[in-house]
Amino acid sequence: MSETPVLVVGGAGYIGSHTCLELSRRGFLPIVYDNLSNGHGEFVKWGPLEEGDIRDRARLDAVLARYKPAAILHFAALIEVGESVKDPVAFYENNVIGSLRLLAAAQAAGIKAFVFSSTCATYGLPESLPLDEGHRQAPINPYGRTKWVVEQALKDYDAYTGFRSVILRYFNAAGADPECRIGEWHTPETHAIPLALEAALGRRQGFKVFGSDYETRDGTCVRDYIHVLDLADAHVRAVEYLLKGGETVALNLGTGTGTTVKELLSAIETISRKPFPVEFVGRREGDSHTLVANNDKAREVLGWSPQYTLEDIIRTAWKWHSSANIL
């Protein structure tokens, strides 16, 4: 039986490439559509690469006509919160205008399944924990707002045109393919685990902890780290759910377990066996003290549950970062 084609927009990036790996394993052919501004051609290993920008409607139409995918997975977004504050225009142009052009192309091509990479940043500062999908959405930075705007569009498209989608709100993606074929590779890097691993490897001068006086068990922020392959699994399940006629839904993807920054650094030092300098500095504006998911709905709707532990996350990330892949 031939593989079912799906278009993975932003499939040369971190989460997109791991999802391509899982799609291929589960009988799909991932066609990667990526402008390679943040993605890596080396990460496209399980299907063809079509270079293009999501704002280029003619290019999108041509690729959709060529491959006739059964579904689209949309990962192509600018994601760095700090950059969104410095240059909100770029974020709105790519994340909102680009997404709307992609949606128009998808509808014109008769696509019946659309999976959107969203974020817990749409919730803003938590009013109750763990965060469930009914929590008020009040994003506090342009990045979160651009994702929230696209979520609203998808809900309207469903209500008024019947276009169905699954919105997946990630918590803290981390880890790497255990076979070290692909991993986390951002330029510049801003995520806690790779930053700490680079410090352990001597590639940067230590690690900064922003805030040590929060009302948490050790004074540092609490985050919900989810393995990238658990995210990939959820995306494939979301495609299968929609292709079987599932309704539009928004789902949290997290483990439901919080880890403080101090606990994270201790685990990294234990696994790497390489101590590194840690500097405690002041709080960073806009940081929530705790972000932990309630993932009950994803379990119920997709039959999904996280399979990887925090130790698995750090071990696979350590294997990736300590290899020569990203030097």
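Scroll up to find the structure.
Structural notes, computed from the coordinates. (Residues numbered from 1 in each chain as written. Predicted model: local features only at pLDDT ≥ 70, side-chain atom pairs only at ≥ 80, totals over all residues. Heavy atoms only, no water.)

1. Here's the deal with the sheet that holds strand 2 (residues 28–34)
Here is the rule: In short, DSSP must find at least two bridges between two strands for them to pair. Comment: elements are numbered from the N terminus, with helices defined as DSSP H or I runs of at least four residues and strands as E runs of at least two. Note on geometry: axes are lines fitted to C-alpha atoms, helical ones only across the stretch in contact, with angles between N-to-C directions running from 0 to 180 degrees. Contacts between residues were defined by any pair of non-hydrogen atoms, one from each residue, lying within 4.5 Å.
Strands sit in the order 3-2-1-4-5-6-11 across an open sheet of 7 strands; the sheet is parallel. This sheet does not close on itself; its edge strands, each paired only once, are strand 3 (49–51) and strand 11 (249–253). Here the average twist between neighbouring strands, direction ignored, is 20°. Bridge count between strand 2 and strand 3: 3 bridges; the pairing is parallel. Within the sheet, the bridge partner assigned to Val32 lies in strand 3 and is Leu49. Strands strand 1 (4–9), strand 2, strand 3 and strand 4 (71–74) of the sheet are contacted by helix 2 (residues 57–67), whose axis makes an angle of about 160° with strand 3.

2. Overview of the packing of helix 4 (residues 88–108) against helix 5 (residues 142–161)
Our working definition: Here the angle decides the label: under 35 degrees means roughly parallel, over 145 means roughly antiparallel, 65 to 115 means roughly perpendicular, and every other value means oblique. Crossings are classed by handedness, with left-handed meaning an anticlockwise turn of the near helix from the far one by less than a right angle and right-handed meaning a clockwise turn.
Packing of helix 4 against helix 5 brings their axes to within 9 Å, and their N-to-C directions diverge by 20°. Classified by the angle between their axes, helix 4 and helix 5 sit roughly parallel to one another. Crossing angle aside, the handedness with which helix 4 passes helix 5 is right-handed. Across the interface between the two elements, Pro88, Phe91, Tyr92, Asn95, Val96, Ser99, Leu100, Leu103 and Gln107 from helix 4 touch Pro142, Tyr143, Arg145, Thr146, Val149, Val150, Ala153, Leu154, Tyr157 and Thr161 from helix 5.

3. Focus: helix 7 (residues 228–243)
An α-helical turn contains 3.6 residues, so a residue and the one three or four places further along point in the same direction. Just so we agree on the cut-off: By this rule the span expected of a helix is its residue count minus one, scaled by 1.5 Å. Type-normalised accessible area, obtained with a 1.4 Å probe on protein chains alone, sets the label of each residue: buried when under 20%, exposed when over 50%, and partly exposed for intermediate values.
Taking 1.5 Å per residue, 16 residues should reach 22 Å; helix 7 reaches 23 Å between its end C-alpha atoms and fits that length. Burial of helix 7 is extensive: 13 of the 16 residues sit out of reach of the surface. Phi turns positive one or two residues past the end of helix 7, at Gly245, with a value near 100°.

4. Some remarks on the pattern of salt bridges
Here is the rule: In what follows, salt bridge is the name for a side-chain nitrogen of Lys or Arg lying within 4 Å of a carboxyl oxygen of Asp or Glu.
One pass over the structure, following the stated rule, counts 19 salt bridges. The partner of Glu22 in a salt bridge is Arg26, and the shortest N-O contact between them spans 2.5 Å. Overall, Glu22 belongs to the buried group, its relative accessible area being 9%. Given the relative accessible area of 25%, Arg26 is considered partly exposed. Between Arg217 and Glu263 there is a salt bridge, and its shortest N-O distance comes to 2.7 Å. Here Arg217, found in the loop between strand 8 (207–210) and strand 9 (222–223), pairs with Glu263, found in helix 8 (residues 261–272); they are 46 residues apart in sequence, far enough to count as distant. Using a relative accessible area of 55% as the deciding quantity, one classes Arg217 as exposed. Look at Glu263 and you get partly exposed, because its relative accessible area is 31%. Via salt bridges that share partners, Glu22, Arg25, Arg26, Asp233, Arg237 and Glu240 belong to a single interconnected network.

5. What to know about the pairing of strand 8
Residue alternation in strand 8 divides its side chains into a buried set, Phe207 and Val209, and an unburied set, Lys208 and Phe210. Where strand 8 lies against strand 13 (residues 278–281), 4 bridges are found, and the strand directions are parallel. Of the residues in strand 13, the one forming a bridge with Lys208 is Glu279.

6. Examining a nonpolar patch on the surface
Keep this limit in mind: Patch rule: a residue counts if its relative accessible area is over 30% and it has no salt bridge; like charges are joined within 9 Å, and nonpolar side chains (Val, Leu, Ile, Met, Phe, Trp, Tyr) within 5 Å. To measure how exposed things are, a 1.4 Å probe is used in the Shrake-Rupley method; for residues, cover is taken only from the protein chains shown.
On the surface, Tyr92, Trp148 and Val149 cluster together into a nonpolar patch covering about 230 Å² of accessible area. Looking at where Val149 falls in the secondary structure, it is placed in helix 5.

7. Structural notes on the state of the cysteines
Each disulfide is one covalent bond, formed between the sulfur atoms of two cysteines. Let me state the cut-off plainly: Working definition: a disulfide is two cysteine sulfur atoms within 2.5 Å of each other.
Counted according to the given criterion, the structure contains 0 disulfides. The closest cysteine sulfur to the non-disulfide-bonded Cys20 is located on Cys180, 18 Å from its own sulfur.

8. Structural notes on the packing of aromatic side chains
Heads up, the condition is: The rule is short: rings of Phe, Tyr and Trp, with Trp giving its six-membered ring, pair when the centres are within 6.5 Å, and they are stacked under 30 degrees, edge-to-face over 60, tilted in between. Whether a charge sits over a ring depends on NZ of Lys or CZ of Arg being within 6 Å of the ring centre and within 35 degrees of the ring normal.
Summed over the entire model, instances satisfying the criterion amount to 4 aromatic pairs. Ring centres of Phe43 and Trp185 lie 5.8 Å apart, and the angle between their planes is 65°; on these two criteria the pair is classed as edge-to-face. Of this pair, Phe43 sits in the loop between strand 2 and strand 3 while Trp185 is found in the loop between strand 7 (172–174) and helix 6 (192–200), placing the two residues 142 residues apart along the sequence. Since its relative accessible area comes to 21%, Trp185 is described here as partly exposed. Judged by centre distance (6.4 Å) and plane angle (75°), the ring pair of Tyr157 and Phe163 falls under edge-to-face. The ring of Tyr214 has Arg283 lying over it, and the distance from NZ or CZ to the ring centre is 4.1 Å. Seen from the ring of Phe210, Arg284 lies directly overhead, with NZ or CZ sitting 4.4 Å from the centre.

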